[in-house]
Protein chains: 8
Amino acid sequence: MDIRKILEDVKEDKLSIDEALKILSRLPFEDIDFAKIDHHRKIRQGMSEVVFCEGKTEQQVLKIFERMIEKGEVNIIGTRASKELYEYLKENLKGDIDYYEAARIVCAKRVEVKKNPKGHVAVVSAGTADLKVAEEAAIILEILGNNVKRVYDVGVAGIHRLFSHLDEIQSANVIVAVAGMEGALASVVAGLVSKPVIAVPTSVGYGANFKGLSALLTMLNSCANGVAVVNIDNGFGAAVVAHMINSLANGNL
Amino acid sequence: MDIRKILEDVKEDKLSIDEALKILSRLPFEDIDFAKIDHHRKIRQGMSEVVFCEGKTEQQVLKIFERMIEKGEVNIIGTRASKELYEYLKENLKGDIDYYEAARIVCAKRVEVKKNPKGHVAVVSAGTADLKVAEEAAIILEILGNNVKRVYDVGVAGIHRLFSHLDEIQSANVIVAVAGMEGALASVVAGLVSKPVIAVPTSVGYGANFKGLSALLTMLNSCANGVAVVNIDNGFGAAVVAHMINSLANGNL
Amino acid sequence: MDIRKILEDVKEDKLSIDEALKILSRLPFEDIDFAKIDHHRKIRQGMSEVVFCEGKTEQQVLKIFERMIEKGEVNIIGTRASKELYEYLKENLKGDIDYYEAARIVCAKRVEVKKNPKGHVAVVSAGTADLKVAEEAAIILEILGNNVKRVYDVGVAGIHRLFSHLDEIQSANVIVAVAGMEGALASVVAGLVSKPVIAVPTSVGYGANFKGLSALLTMLNSCANGVAVVNIDNGFGAAVVAHMINSLANGNL
Amino acid sequence: MDIRKILEDVKEDKLSIDEALKILSRLPFEDIDFAKIDHHRKIRQGMSEVVFCEGKTEQQVLKIFERMIEKGEVNIIGTRASKELYEYLKENLKGDIDYYEAARIVCAKRVEVKKNPKGHVAVVSAGTADLKVAEEAAIILEILGNNVKRVYDVGVAGIHRLFSHLDEIQSANVIVAVAGMEGALASVVAGLVSKPVIAVPTSVGYGANFKGLSALLTMLNSCANGVAVVNIDNGFGAAVVAHMINSLANGNL
Amino acid sequence: MDIRKILEDVKEDKLSIDEALKILSRLPFEDIDFAKIDHHRKIRQGMSEVVFCEGKTEQQVLKIFERMIEKGEVNIIGTRASKELYEYLKENLKGDIDYYEAARIVCAKRVEVKKNPKGHVAVVSAGTADLKVAEEAAIILEILGNNVKRVYDVGVAGIHRLFSHLDEIQSANVIVAVAGMEGALASVVAGLVSKPVIAVPTSVGYGANFKGLSALLTMLNSCANGVAVVNIDNGFGAAVVAHMINSLANGNL
Amino acid sequence: MDIRKILEDVKEDKLSIDEALKILSRLPFEDIDFAKIDHHRKIRQGMSEVVFCEGKTEQQVLKIFERMIEKGEVNIIGTRASKELYEYLKENLKGDIDYYEAARIVCAKRVEVKKNPKGHVAVVSAGTADLKVAEEAAIILEILGNNVKRVYDVGVAGIHRLFSHLDEIQSANVIVAVAGMEGALASVVAGLVSKPVIAVPTSVGYGANFKGLSALLTMLNSCANGVAVVNIDNGFGAAVVAHMINSLANGNL
Amino acid sequence: MDIRKILEDVKEDKLSIDEALKILSRLPFEDIDFAKIDHHRKIRQGMSEVVFCEGKTEQQVLKIFERMIEKGEVNIIGTRASKELYEYLKENLKGDIDYYEAARIVCAKRVEVKKNPKGHVAVVSAGTADLKVAEEAAIILEILGNNVKRVYDVGVAGIHRLFSHLDEIQSANVIVAVAGMEGALASVVAGLVSKPVIAVPTSVGYGANFKGLSALLTMLNSCANGVAVVNIDNGFGAAVVAHMINSLANGNL
Amino acid sequence: MDIRKILEDVKEDKLSIDEALKILSRLPFEDIDFAKIDHHRKIRQGMSEVVFCEGKTEQQVLKIFERMIEKGEVNIIGTRASKELYEYLKENLKGDIDYYEAARIVCAKRVEVKKNPKGHVAVVSAGTADLKVAEEAAIILEILGNNVKRVYDVGVAGIHRLFSHLDEIQSANVIVAVAGMEGALASVVAGLVSKPVIAVPTSVGYGANFKGLSALLTMLNSCANGVAVVNIDNGFGAAVVAHMINSLANGNL
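These numbers come from a predicted model, not from an experiment.

Q: Where do I start with the overall build of chain A in this structure?
A: Secondary structure summary: chain A contains eleven helices and ten strands in total. Considering only residue pairs separated by 6 or more positions, chain A has 68% of its internal contacts joining residues 24 or more positions apart. Surface exposure of chain A reaches about 9200 Å², of which carbon and sulfur atoms provide 49%.

And the structure:
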C-alpha cells in the first residue's frame, strides 16, 4: 500500500524488481491513494457530504451523520428529511443542526464553505406546488456558498409575472427552472436569457401527467438553446450542476 | 319504409294494427329518415364532404369525388393530398378543382358556403416545421367560410414574436394553436386570451419527442384555462371544432 | 408604474426625454398595467377565482380564500374539496359558502355572474362511476352562469339510453362528454350532433385501463368530427372550455 | 415406437420387464401417437393448413405449399399474400389456386370442408380502411365452411348505419368486430347483441393511435359484456375463434 | 309510448296522419319497447343482473340490489364483494343471499336459470395467486348454469401437471385460461385443444410484470390458434364470453 | 400407475394387450413417474423447496411449510418473509427455523445440501439501497451450498471502490450484479471479468426510474459481453441461475 | 414604434397624453426594441445563426442562408447537413463555406468569434457508433470558439481506456458525454470529475434500446453528481450548453 | 509505460524515489499493462475478436478486420454480415474467410480455439422466423469451441415437438432459448430442465408484439427457475454467456 516503501525496498535490494513489478501490477486497483478521486457523493468545493434520508430510519441517518463527522471537518447535508427526523437528530447529534422545512433539508454545518461572490443563481418555479423541489435546489445552492435569487410562481400561463422578474433572471450566471404539469417554463426562460438553464421537471399534476413524464419530455424537447435536464423532482441534482457552473464563473472550480 | 303509407293503410283498413305494429317495431333501425343525423364525416353547415386521401390510390379518390358530386350539391375537400393527386384529379374530374399545396388540400367547390362574417379564427404555430399542419387547419377553416388570421413561427423560445401579434390573437373568437417539440405554445396563448384554444400537437421533432407524444402530453397538462386538444398532426380536426365554435359565435349553428 | 405621470412629467419638463425613454424601455416587463391580461387561473366573465384544493391543508385554503375575497368582489370556487374542508371553511370564513358534494366543489359567492341565457350545455356521462367528474363539470358550468342539462349513465354499451335523451344533446350549444373505461361515448355523441364535443376521459376502470390512458387515446382518435379532449379526470378544464364556447354563442365573450 | 410390439415382446419373453420399463419410461415424449394433438397451426375441422406468407420469399412459400400438399389431402391457405405471390404460385404449383385480393389470401383447395350450415357469422367493420383486416377474417371464415354476412363501414361516428343492419348482426351466432382509430365499434355491437363478439383492433389511424394500441385498449376496456379481443390486425386469428364458436353452435366441434 | 294507441287513434280519426308522423319520427329514440335490446349489463339467458361492488359503499350496493329485485324476478350477482359486504347484505336484504369467498361474489338467487347440460367449461389457472380471478370466472359460470371443471395450479413451468388433466381440458366446449406473470398458459392450452380459449391475464407478479401488462401481451401474441383475450383480472368478462359460447354449443343462444 | 405391474400382468395374461395399450396410451400424462421432471419451483441439487411469502397470510405459509416437510426430507426456503412471519413460524412450526433479516428469508433446514466447494459466487451491489435484493441473492446462494463473497456499495459513481475489490470479483465463477437507478454496474463489472454476470435491476430510485425500468433497460443494453438479466428486484431468480452455473463449474450439475 | 418620437410629440403638444397613453399601452408587445432579447435560435456570444437542415430542401436551406447573411455580419451554421447539401451550397452561395463530414455540419464563416482561451471542453464518447453525435457537439464547440479535446471510444465495458485519458477529462471546464446502448458513460465520468457533465443519449443500439430511451433513462437516473441531460442525439444542444458554461468559466458570458 | 524501467532506474539511482512516485501515481490510469483486462469486446477463451457489421460500410469492415489480424493471432468474427459483405471480404482480405448465411456471420479463422469437449449447448427456437437469431447463437457457440445441438421449431403451441427432443435439451450443460411472439418457450424449457436457460426474445411477430417487447416481458416474468434474459434479437450475446457457462462446466474458465 505504501509505494514509497516499495521503491525504497527496491533501491535497498530488499525487494527484487520482479517482485516489485508483481505488486505494482496490482496497484491501479489497490494501492494508489484514491483520495484525489474519492469525491463520490461529495460536493467537492464545499467540503460537504450529502445523505438521501428518504427510506432510511432515524437511527440509520444518525449513525451516518456521526460517522461522517468523525471522519473530519465537513458539512453534512441531509435531503428529503422530515421534521421528525430533524428533531431526532437535533436531540441526538453532537453539535448544531439546521432545518429548512420547505426544502426538507437538514444541515450539520461544521466548516465554512468557499463562497461564489460574483453573481447569483436564479431559481425559477412555475407553481406553488413546485415549491418543495425549488426550495431543495435553492437551499442546497446557498449551503454550498452561492447567492440565490428565488423567482417563484411564474408559470407560463401567467407569463407577465415572469417578465416582471426578468432582470433577476437575465443577470444570473445560471438558472434552475422548476416546473411540473406542462413544464414549459424552461423553454420560455431559455428563450429570454443567454445563460445555461438547468431544468427540473416535477411530478406535480394529475391525469396524463404520468408522475412528471410530461414535464420531463417537454423539457428534453425544448426548442430553446441552452437547456439541460435533470431527473424528475431532483432539485438537489440541479443545484449541484448549477453550483458547479457558478463556481466556474467565479473561477472557483 | 314510407311511414305515411303505413298510417294511410291503417286508416284505410288495408293494414291491420297488428301488422302495422310489427312493421313499426323495426322502424328505429330501418325506416326513419336518417338524413337528419346523417352527418357522419360531413361538415354540416358548409355542405362539404371530406375525404382523407392518404393511403388511397388516385383512382380511388377520383371515384369517391365523382360519386359525392353525383349525390348532390356539395363541396368536396380532400386532405393529405399530394400534388400528383391534384394533377390527376384536375385532368380527370369534371369541373374545377383547387389545390392548396402547403396544406396538402384539394377542393372541388360546387356551392357557396354560409359565411361566419363576425370576427375571425387565429391559427397560431410555433415553428416553420409545423406549417403543414397549421395550413391544413387554416385552409379548412377558410373553405368552411371563416375569416382566418395566421400567426406563424411564434414559438415560446422567442416569445416576443408572439407578443407582437397579441392583438390578432386576443381578438379572435377561437384560437387554433399548433406546436411540436415541447408544445408549450398552447399554454402561453391560453394564458393571454379569454377564448377557447384548440391545441394541435405535431409530430415535429426528434429524440424523446416520440412522434408527437411530448407535445400531446404538454398540451393535455396545460395549467392555463381554456385549452382542449385534438390528435397529433390533426389540423383538420382542430379546424372543424374551431369552425363549430366560430359558427356558434356568429349565430350560425 | 404610472405612465400618465411620466408623460405629464415629460410634458411639464420635469423629466427629460432620455430619462423617460430609459424608464419606458423597461415597461413591457415592469410597468404596464397587467390587469387586463392578469386572468391567469381566473375565469374572466364570471369574476371567479378558482383554487385547486387537493393537496393543500385546510389552513392554506382558508388563507387563499381570505386573500382573494379581500382583493375585491369575486366569487371563489374551490375544486377537489372534501366535506371536511367545506365544514372548516364554513366555520372560519366570513360570509356564506356553498358545498356541492358529488362535485367536490366549494363556492363562496360574492357577486352575480353574467348569465348565458340562450341555450344550454349538455353534460353527458357514461357510467355512474364517472359521476364525480361529470358533476365537477356541471357545477362549474352552473356557477359560471350556464344552463346545464345532465344526461348521465348513457354509456355506449346500452346505446338506446343515449338515444332517449338525444333531444337534450342535439339542442345543446356544446356538449361535455365524460367517460372512462373504453371512452367511446365522445365519438358516438359527436356522430349524432353538429356542435363541439369537449371530451373528458376518466380514470375509472381497471386492468389495461392504465389510469385513464385507454379512454384518453380513444377520445383523441375519435373518427367523428368536432371532438376536442382535456386531461384525464379534468371536469373543471372541460367546463371552462365549454363555458367559453357557450358564452361565445350567447355573444358574451 | 410401437407399444403393442413391446407388450407382445414382453408377453412372449422376447423383452424383459426391466428393458420394457426403460423403453416405456421414455414414452411420454417419444412414442405416443401425437397425431391426436398435432393440430399446431392447423385448423382442425376444415382439414386446412395455414401459412403466414409475409416475409417469406415466393420460392419459400411454394416449397411449403408443395410439401403440405404432398403430405395429404388438405386445403392450404396463405395469409398476407401479395398478388405477385399468387401469380407465382399459380404458375408453379400443381393444381388450382384461388386468390382473394382484398383479403390478401391464396387458397389451394384440395378437399371439401365440413360446412356449418346453421346460422352465420357477422363480420362488422368500422371504416373502409379496416377492410383488409375484415376481409381476411371473412374469407378465412368462408373457406372454413361458415356462412358470412359482411356489414362494413358502420363506425360509431355514424351509428344509424349500424342500426340499419341490426338484424344481420343480432341473428349471427358470433360477431367479428373490426375497428381501428378509437375502436368503439366492439362495445356498441356487444351492447346490442347477446352473442360473443370477437374484437379485432386495427392499426388504421395516425397520431396517438400508436399503431393500433388505442383501439386495442378500447376493446379490452369495453364496458359491454361478451367481448374478447385478438391481436392488432389479426383478422385470421379472429376468424379461427369465430369459426370454432360457430362450429360449436352447429354441433361440429 | 304506446304505438298501438297511436295507430288506433289514426284509425279512429282521433289523430291526423301528419300528427302521427311527427310523433313516430321521434320513435326510434323514445317510444320503441327497448326491452328486447335492453340487455346492457344483463346476462340474458340466466336472467341475471350484475353489480361491480368495488368502490361502492355497502349502503349503495344494498340499494341497487333492492331496486333490481323489485323490478322483477332476476338473480343478482355482485362481483368484487368483500366478506363484510356480504354480511351486511345478509342482514339487510330480504331473502337469501350466497357468498363465494374465494371468488369474492355475492348472489341473490331468485329464479332458476336455464342450464347448459351438454359438456362443460374448463377453467384452467397457472398459479395459486391467480385463484381469485379463476374462481370469479368459475362461480359466474356456475351461477349462469354451466358445468365447470376447475384445473388449477398448472403453470407452464411444471407442464406435466397440465398434461395429467388434459382430458378435462380437451373435452370442454370452451376453456377459460387464467395466468399472470408470463401468461404462457393460454398458448400451451390452445396448442393442445381445438376449442376456443378465452384468456385472462392477471396482475399477479412483480418487477417488469407492470400490473399484468406482460401477461396481456403474451396472450395477445399467442402463436396458437383459437385464443381471444379479455382485460387484466377480468374473470367475470371471460365467464360471460365462455357462457355465451357454451350456450351456443347447447343450442341455448 | 405402476407400469411394472401392467407389464407383469400382461406377461401373466392377467391383462390383454389391448387393455394394456389403452392404459398406456394415457401414460404420458398420467402414469409416468414424474418425479424426475417434477422440479418445478424446486431447486434440485439442494433438495430445497421455495415459497414466495409476500401476499400470503401467516397461516397459509405455515400450512405450506408443514405440508412440504411432511412430504419428505427437504429444506424449505421462504422469500419475502417479514420478521413477524418468522416469529409466527418459529412458534408454530415443528423443528428449527432460521431468519435472515436483511434478505427477508426464512429457512427450515432439514437436510444437508451438496456443497460447491470450488471457487465462489460474487454478489456485487451498487448502493446501500440495493442491499435487500443483494442479500436475498447472497443468502439463497449460501443456503444452496455456495461460497459467497459480498462486494457491496461499489456503484459506478465511485468506481475506485469497485476496483479495490477487483480480485474477489475476477476470481469468482459467476457474478451477481445488483443495481438500481442507472444500473450501469453490470456493464462495468462485465467489462472487467471473463465470467458470466447475472444482472438484477432494482426498483431503487425515483423520478424517471419508473420502478426499475431504467436499470432493466440499461442492463439489457449492456455493451459488455457476458451479461444476462433477471426480473426487477428478483434476487432469488439471479441466485438460482448463479447457483446452477457454479454447480456446473463444480461438476455438480 | 419610435418611442422617442412619441415623447417629443407629447412634449411639443402634437400628441395628447391620452393618445400617447393609448399607443404606449400597446408597447410591451409591439414597440420595444426586442433586439436585446432576440436571441431565439441564435447563439449569442459567437454571432452565429443555426439552421437545422434535415427535412428542408437544398433550395430552402440556400434561401435561409442568403437571407441571414444579408441581415448582417454573422456566421451561419447548418446542422444535419448532407454532403450533397454542402456541395449545392458551395456552388450557389456567395462566399466560402466549410463542411465537416463526420459531424454533418456546414458553416459559412463571415466574422471572427470571441474565443474561450482558458481551458477546454472534453467531448467523450462511448462507441464508434456514437461518433456522429459526438462530432456534432465537438465541431459546434470549435466553431463557437472553444478548445475541444476529443476522447472517443471509451465505453464503460472497457473502462481502462477511459482511465488512460483521465487527465484530459479531469482538466476540462465541462464535459460532454455521448453514449448510446446502456449510456453508463455519463455516470462513470461524473464520478471521476468535479465539473459539470452534459450527457447526450444516442439512439445507437437495438432491441430494448427503444431508439435511445434506455440511454436517456440511464443518464437521468445517474447516481453521480453533476450530470444534466439533453435530448436523444442532440449533440448540438449539448454543445450550446457546454459553450455557455465554458464562456462563463472564461468570463465571457 | 515500462514500469520495470522505472524500477531499474530507481535501483540504479537514475531516478529519485520522489520522481518515481510522481510517475507511478499516474499509473493506474496510464501505465499498467492493461492487456490482462483488455478483454472488452473480446471473447477470451477463444482468442476471438467480434465486429458488429450492420451499419458499417464494406470498406470499414475490411479495414477493421485487417487491423485486428495484424495485431496478432486471433479469429475475427463479424456478426450481422450480409452476403455482399462476405463476398467483398473474400475478395479483398488476405487469407480464408467463412460465411454462415442463415446466421449472417463471417469468420476469419486464424488460430485453433480451446474446445469444450464435455457436453453440449442446446439452442432451442420456437418458430422458423426465429431462425436467424438462433443460428447466430449456434454458430458463435461453435466457432468458440462448443458442441451445439439445435432443436428448432418447437414452440409451445405444438408442445409435443418440444418433448420429442427432451433428451437433447435435458442433457445440455446450458440452453439458449430463442422465441418471439409470446416468448413462452423459455419458461416451458426451464420447467423441464435443471440447467441455466439463457433466453433470447426476438422481434418476430406483429401487432401488440411491439418489436419484441412482449417476448422480452414474458421471459423476464418467467415463473420457472433458472432463466436469465439478454436483449431482443441478441443471439450473439446469449451465445457468449452460454459459452462462458459451458467453459466453466468444462473447467476451461
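Having seen the structure, we can now continue with the description.
Q: Explain the domain arrangement of chain A to me, please; I cannot follow it from the model alone.
A: Residues and elements named next belong to chain A. One can read the domain layout of chain A as domain 1 (12-108) and domain 2 (121-249). If you look at the interface, domain 1 gives 14 residues, while domain 2 gives twelve residues. Of the roughly 1200 Å² buried between domain 1 and domain 2 on both sides combined, carbon and sulfur atoms contribute 73%. At the junction of domain 1 and domain 2, the tally comes to one salt bridge. In this structure, R80 engages E136 in a salt bridge whose closest nitrogen and oxygen atoms are separated by 3.5 Å.

Q: What should I look at first to understand the environment of N246(A) in this one?
A: All names here are of chain A. By the secondary structure assignment, N246 is in helix 11 (residues 235-249). Between the C-alpha atoms of N246 and G119, which are 127 residues apart in sequence, the distance is 8.1 Å. Among residues more than four places away in sequence, those in contact with N246 are N116, K118, H120, V121, N146, N173 and V174. Side chain to side chain, N246 and N173 meet in a polar contact 2.8 Å long.

Q: What is the right way to read the pattern of salt bridges from this model?
A: Any two side chains of opposite charge can pair, given that their charged atoms come close. A complete count under the given rule lists 64 salt bridges over all chains for this structure. Three or more residues joined by partner-sharing salt bridges are found here, namely E54(A), R80(A) and E136(A).

Q: So what exactly am I meant to see when it comes to the environment of L220(H) here?
A: Summarising the element assignment, L220(H) is placed in helix 10 (residues 213-220). Under the relative-accessibility criterion, L220(H) is labelled buried at 4%. For the pair L220(H) and A199(H), spaced 21 residues apart in sequence, the C-alpha to C-alpha distance is 8.9 Å. Among all residues touching L220(H), those that are not within four sequence positions of it are A208(E), L216(F), V229(F), V230(F), N231(F) and V229(H).

Q: Any chance you could explain the packing of helix 4 (residues 58-70) of chain H against helix 5 (residues 83-92) of chain H here in plain terms?
A: Describing two packed helices takes the angle between their axes plus the distance from one axis to the other. Residues and elements named next belong to chain H. It is the contact of helix 4 with helix 5, at a shortest axis distance of 10 Å, that shows an interaxial angle of 50°. With respect to their mutual orientation, helix 4 and helix 5 come out oblique. Here helix 4 and helix 5 pass one another in a crossing that is right-handed. Touching E58, Q59, V61, L62, F65 and E66 of helix 4 are E84, L85, Y88, L89 and N92, all from helix 5.

Q: Which parts of the structure should I look at to understand a positive patch on the surface?
A: Judged by side-chain charge, K211(A), K211(C), K211(E) and K211(F) come together as a positively charged surface patch. For K211(A), the location among the structural elements is in the loop between strand 9 (197-201) and helix 10 (213-220).

Q: How should I be thinking about the pairing of strand 2 (residues 48-52) of chain E in this particular structure?
A: On a regular strand, each side chain points to the face opposite its neighbour's, so the side chains alternate between the two faces of the sheet. All names here are of chain E. For strand 2, the tally of buried residues reaches four of five residues, placing the bulk of the element in the interior. Relative to strand 3 (residues 75-79), strand 2 is paired through five bridges, and the arrangement is parallel. Counted as the bridge partner of E49 is I76 from strand 3.

Q: Teacher, can you tell me more about the environment of G55(E) here?
A: Examined against the element boundaries, G55(E) turns out to sit in the loop between strand 2 and helix 4 (58-71). Considered as a pair, G55(E) and R67(E) are twelve residues apart in the sequence and their alpha carbons are 19 Å apart.

Q: Would you mind showing me how to read helix 5 (residues 83-92) of chain C here?
A: For an α-helix, 3.6 residues make a turn, and residues three or four places apart therefore share a direction. Residue and element names in this part refer to chain C. Buried within helix 5 are the following residues: L85, Y86, Y88 and L89. Viewed along the axis of helix 5, the buried residues span an arc of 165°, placing them on a single side of the element. Set apart from the buried face of helix 5 by more than 90 degrees, the exposed residues are E84, K90 and E91.

Q: Is there a simple way to explain the pairing of strand 3 (residues 75-79) of chain B in this structure?
A: All names here are of chain B. Among the five residues that make up strand 3, five are buried, leaving the element largely enclosed by the rest of the structure. On strand 3, burial covers both faces: N75, I77 and T79 on one face and I76 and G78 on the other are all buried. Pairing of strand 3 with strand 5 (residues 105-108), which is carried by three bridges, proceeds in the antiparallel orientation. Paired with I76 across the bridge in strand 5 is A108.

Q: For this particular structure, what's the right way to read the packing of helix 10 (residues 213-220) of chain F against helix 10 (residues 213-220) of chain G?
A: Taken N-terminus to C-terminus, the directions of helix 10 of chain F and helix 10 of chain G make an angle of 125°; their axes are 8 Å apart at the nearest point. Taken together, helix 10 of chain F and helix 10 of chain G sit at an angle that is classed as oblique. Pair helix 10 of chain F / helix 10 of chain G crosses with left-handed handedness. Listed contacts from helix 10 of chain G to S214(F), L217(F) and T218(F) of helix 10 of chain F are S214(G), L217(G) and T218(G). Taken together, the residues of the contact of helix 10 of chain F with helix 10 of chain G break down into two nonpolar, four polar and no charged.

Calculation criteria
- Residues numbered from 1 in each chain as written.
- Chains lettered and ligands numbered in written order.
- Predicted model: local features only at pLDDT ≥ 70, side-chain atom pairs only at ≥ 80, totals over all residues.
- Heavy atoms only, no water.
- Helix = DSSP H or I, 4+ residues; strand = E, 2+ residues; numbered from the N terminus.
- Contact = heavy atoms within 4.5 Å.
- Areas by Shrake-Rupley, 256 points an atom, 1.4 Å probe, with all protein chains shown as cover.
- Domains from an automatic or database assignment.
- Buried area = accessible area lost by both parts, 1.4 Å probe.
- Salt bridge = Lys/Arg side-chain N within 4 Å of Asp/Glu carboxyl O.
- Polar contact = N/O pair within 3.5 Å; in protein donor to acceptor, adjacent residues only side chain to side chain.
- Buried < 20%, exposed > 50% of the residue type's maximum accessible area, 1.4 Å probe, protein only.
- Axes fitted to C-alpha atoms, helices over the stretch in contact; angles between N-to-C directions.
- Parallel < 35°, antiparallel > 145°, perpendicular 65-115°, else oblique.
- Left-handed = near helix turned anticlockwise from the far one by under 90°.
- Patch = residues over 30% accessible without salt bridge, like charges linked within 9 Å, V, L, I, M, F, W, Y side chains within 5 Å.
- Lys, Arg positive; Asp, Glu negative; His and termini not counted.
- Charge placed at Lys NZ, Arg CZ, Asp CG, Glu CD.
- Pairing = 2+ DSSP bridges.
- Arc of directions from axis to C-beta.
- Nonpolar A, V, L, I, M, F, W, Y, C, P; charged D, E, K, R; others polar.

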